[in-house]
Each structure stands twice: as C-alpha cells, then as structure tokens.
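Letter by letter, the chains look like this.
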Amino acid sequence: MPTRSTAGPLSLVASLLIIAPALHAQSLADRAVEQNHVTIGGYGEIQYANASGPATPGRVDLTRFVIYLANAFTDKLSVRSEVEIEDAKIENGSPAGEVSVEQLFLDYRLSDAFTLRTGLLLAPVGIINETHEPTTFNGVARPDFDHDVIPTTWRELGIGAAGALPGVAGVAYRVYLMNGLRSEGFSADEGIREGRQEGQDASFANPSLTGRLEWARPGLKIGGSFWYGGSADQNPAIGTGTFAAPVTVLAADARYDRGGLSLRGVVANVTVGDASLINGAFGGQVAHRISGGYAEAAYDVLRLVVPASSQRLDAFARYENYDTHAGVPAGVVRSDSLARRITTLGLTYRPVGGVVFKGDYQLRRNRAGIGESNVVRLGVGYQF
Amino acid sequence: MLLLAGAAIAAPLRAQEAPPKKVTAAIERLFGKATRVDTIAVDGRRVLRIARGDSLLGFAQVRNVIGRDQPITFLVAIDPANRLKDVDVLVYREPYGGEVAYDTWRKQFRGKGADAPLEIGKDIRSISGATISSRSVTLGVRQALSELTAWRQQGKLK
C-alpha cells in the first residue's frame, strides 16, 4: 500500500515530535522524584502553661525544635535522623536546654516482611513514643503518662527487624535488641525515665529486647508492646548478671477514628525486679511496680458547622490515671501523691495537616491531695 | 491519537519504578492469567491496556506519590466502565505507614468512579500511624482516576 509506505515514517516522525516534549516533561518530573534522595523535614512546638495558685506565673517555652534529615541511598537502603534542641538554647551554668540526636537509624529493606534496622531507635512501646510530632496528638504537651510511665522519647542504640508479619493480614511487627536501662537513674516520681541512656556512651551490660505487634485496618489500630532486660549495669550491690534487676514493660494501645470521632487509649505495666537492691545501692524510693493508662475522646466540631471543610477543630477530653508507686518493695513507704489522676479538656485546631494550634485546661489531682493544681495551657506546633 | 507500541518508548528502569515482575503479578492478580498487556503512551504517560482476545478488560497505570519523604510506587487499575478495580502498592520505602498496602485499606477504593470525592475523612478512612501515607496514596489515586477517565472520555484510551 503506497499510502502506508509514505505515511508510516512520516506519522511516526510527527508522533515523536508531538510526543517528545511530553515525554521530556515526564522524565524531568521522574528525575525530580528520583533525585529527591535527601529529605529535609522537621517539627517544633512552643508551649505556654499557667498553673493555678500564688507564685506560679505563666511560663512559655520553645519546647522543641527538631530537624529531620533523611537520605535514600537506594530503594532498599536509607538513613533517617532527627536532631533536637529543647528549650531553645544551652548555656553554661543553666540546667535547662538540651541538644540531642533523637533518632538515627539505617534501614535495609529486604522485603515487605523484613527490614533490617540499626542505630539509635525508638522503643516501639505505646503510641506517642514512635509518633510524637505535635500535630499527631491532642493536648499542648504529651500526656504525663508518656513521661512518667512510658518514658518518651525513649530511644536507645540497637539492631532489629520490622515489617509486615508474613501470613497474617494486617499485622506488622518490630523487634529490636537494644542497650538496657540503668537503674541508677530510676526514681519514685518518674519511674524508669532517667534510666534511659539515649545513645551516649551507653553501657551494654544489660542487652534488652523490645518489640511490638500491631494490627490495623481502616480507622482502627491495636498494638501490644513489650520491653525486657536487666538494669543493674554490673553494679555488685545489685547484680552482675545480664538480666539482673530486670525491667519488664507490657503495654497495649488502641486508636479508633470514624467520621469526626477519634478515640485512643493506652495502658502499661512496668515491673522493676530487685527494686529493694536498687534502692539500697542508690538511696531512692523506686517502686517495683508502675502502672496506669489513659483514655481520650475527641470530636471534630468544625464538621458540624462546615461539613465540607478540610480543616479540623477537635474538642477533646483525656483522663490519665497512673501510679509510679503502684507496688513498692520492703523499706519504701508508698506515696499517695504519686497516684496521679489528670483530666485534660481542650481544643486542637488544624488549619492544615502540618500545623496545629492547641489550648487546654488540666485538672491535676493525686490520691494524697498534695500539690494539686489546675493549669491553663496554650501551644502551637508544626511538622513538615 | 498517540498510540505507540511499548517498545518504542521503553525507558530505562528508574529508582522509583516497580520491578517488572511486581507489575506483572499485580496485573495477573487483578485481571487473571493469559491476558495481553500493551504499553501505550497517552500525553506522554505510560498506560497499560489489558485485554483477553478481543475483549478489553481494563487499563492500569504505575505511578508515584511522595509519602513522608520517599516515593510510594503504586498501580491503579480501572475496568472498561472507568471504575477502579483496585489499587496495589508495589514498592513502599518508608519505616512507618506501610499499612496502606493492606487489603483492608485498599479495598475502600474498589468500584469508585471519577465522581467520587476520594478524600480522607470523606469516603476513605485513614489508618492511625499511617496518616501521611494514606493521604498521599488517596491523592495519587484520585489524580490517576481523573486522568484515566478524562483520556477515556476524550477517546485517547480505548
């Protein structure tokens, strides 16, 4: 066919001419994605709090400024890091302020079921420890439970695996071997918190195992976490074994979202073995059991007024109930003021996903009725 | 009309592309075995046309959206009536948020047309802890569906 023999090459050339710019544009777009190996992100929060009572002026603090840096070397191999400045600055002689690496880990993604992970890792315990950006939780500051019971941000050096549990739909796992806690830092009012080593010349005398299983479907996530490991750090007064003064953390959490409704709750139980030996060695009043939890409900009230809005205004209530002296060893007098009940009522306004304005009112109570207060708090946070 | 054979525009495999066998497996899962898959270019984008014998089964496209910081490579497939058959997450590269690959989450998209809002909080539910990825993939699917539907209506895909 003569028409074909002439039109063929011509139409092909024409096609290429027409198609070329479009393809070029696409390859540029693809290259932009491909070269986006380095990612810069960050989050930050400023908090104002004014407690009731005389001589308690309001305080405002640049609580956190965090820079996130990540690089994907290949599809499988990447590194992620967060550097944090707390309380705006560090100055000689001032106890406030801290600069720290909050996480730094390498991921080697071998399959969906198995990512090898190593570095300064977040203990996969509870909700807030791994997901702690201010845009992700209600309330100006993180729940007190996530300070005194689960010591967020809990990070240690270690190695482990993460992925989707093979053969079980909707279940993910994480399991890490990490350096242990040091019981020298344990206290009556903050439990195991100051036993964290946070990646600084950490003692590996008590390698510890931590992990989490997480079942998820749209709108619902249920998780269970554990930590187990010694904390004696070869102190002869406590024990030189790998698992001397063992700390066991068991935690369960759930999150549910439907329409404008968000619910979440966490419970945790911490046992500290050989607590009396720890107290004997360091003179503290450390409990052998720390436990509690919180439940929170929020509703996006903006959708009642402006149903089409992509903004959110969540009204929330949270009730925390925990005791860092839930069980005490012989020689320690149980302190009722450590059995805390904190009710937080507030609003969380999200004009876009990465920005949050917060306000809340807290009723801080304890079983002893000592040092109770009400606190008004305001905050702003962002994440990108 | 710009319909070219796949070979003519075959580009080198890029970092954010899915391994061909993953694409093949996804097509086979969605459309069954013994299908004929042609790669065609529409407005400079590659679309897979899936047929068995003379009957058209649908179209599929491999795309990327940025999640928290890495591209998420996913496949979107439509049937001849321009309804979403399924979404398949082919390569996920981030440490958290991998739940978007779960069937329970992806099945929310099935049967949707370009008239659906395809928006988190409206017709698609998010997954806690995977909020950013849920949002990104939903946006990517919405863009893909609207593009594929437009091409179908313009007669560029048939």
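Every residue gets a number counted from 1 within its own chain, in the order that chain's sequence is written. Labels are handed out in written order, letters beginning with A for the chains and numbers beginning with 1 for the ligands. Thresholds applied to this predicted model are a pLDDT of at least 70 for local features of residues and 80 or more for the giving and counting of side-chain atom pairs; totals over whole chains, interfaces and linings are not thresholded and use all residues. Only hydrogens and water are removed before side-chain values are computed, so all heavy atoms of the structure are retained for them.

Engineer: So what's going on with the overall build of chain A? Residues and values would help.
Structural biologist: In terms of helices and strands, chain A carries 4 helices and 16 strands. Its C-alpha atoms give chain A principal-axis dimensions of roughly 105 × 55 × 50 Å. Partly exposed residues are those whose accessible area sits between 20% and 50% of the maximum for their type, while under 20% is buried and over 50% is exposed, using a 1.4 Å probe and protein chains only. Looking at chain A as a whole, 47% of its 384 residues qualify as buried. Throughout, a residue-residue contact means that at least one pair of heavy atoms, one from each residue, lies within 4.5 Å. For chain A, long-range pairs separated by at least 24 residues make up 59% of all intrachain contacts whose partners lie at least 6 apart in sequence. Per-residue and other accessible areas were derived by the Shrake-Rupley procedure at a 1.4 Å probe size, with only the shown protein chains allowed to occlude residues. Entry remark: accessible area of chain A is about 17,200 Å², with carbon and sulfur atoms responsible for 63%. Once the 34 positive and 39 negative side-chain charges of chain A are each reduced to a mean point, those two points are 6 Å apart. Only DSSP runs of H or I reaching four residues or more are called helices, and only runs of E reaching two or more are called strands; each is numbered from the N terminus. For the purpose of counting charges, residues Lys and Arg are taken to be positive, whereas Asp and Glu are taken to be negative. His and the chain ends are not included. Taken as the charge location is NZ of Lys, CZ of Arg, CG of Asp or CD of Glu.

Engineer: Got a sec to walk through the side chain of A:Thr63? Specific residues and values, please.
Structural biologist: All names here are of chain A. With respect to the helices and strands, threonine 63 occurs in strand β2 (residues 59-72). Using a relative accessible area of 12% as the deciding quantity, one classes threonine 63 as buried. Residue contacts for threonine 63: discarding those within four places in its chain leaves Glu45, Ile46, Gln47, Ile85, Glu86 and Asp87.

Engineer: Mind laying out the pattern of salt bridges, listing which residues take part and the relevant values?
Structural biologist: A pair is scored as a salt bridge if a Lys or Arg side-chain nitrogen falls within 4 Å of a carboxyl oxygen belonging to Asp or Glu. Applying the stated criterion across every chain yields a total of 45 salt bridges over all chains. Here A:Glu133 ties to B:Arg68 by a salt bridge, and the two come within 3.8 Å at their closest N and O atoms. Taken together, the residues span two chains, with A:Glu133 in the loop between β5 (114-122) and α2 (145-148) and B:Arg68 in the loop between β3 (55-66) and β4 (71-78). Looking at A:Glu133, the relative accessible area reads 6%, which means it is buried. For B:Arg68, a relative accessible area of 25% corresponds to the partly exposed category. Note that A:Asp148 and A:Arg340 form a salt bridge whose closest N and O atoms lie 3.2 Å from each other. Pair noted here: A:Asp148 is in helix α2 and A:Arg340 is in strand β14 (residues 339-352), with a separation of 192 residues, a long-range link. The pair formed by A:Asp148 and A:Arg340 is uniform in burial state, with each residue classed as buried. Salt bridges sharing common partners tie together A:Glu130, A:Arg174, A:Arg212, A:Glu214, A:Lys221, A:Asp253 and B:Glu99.

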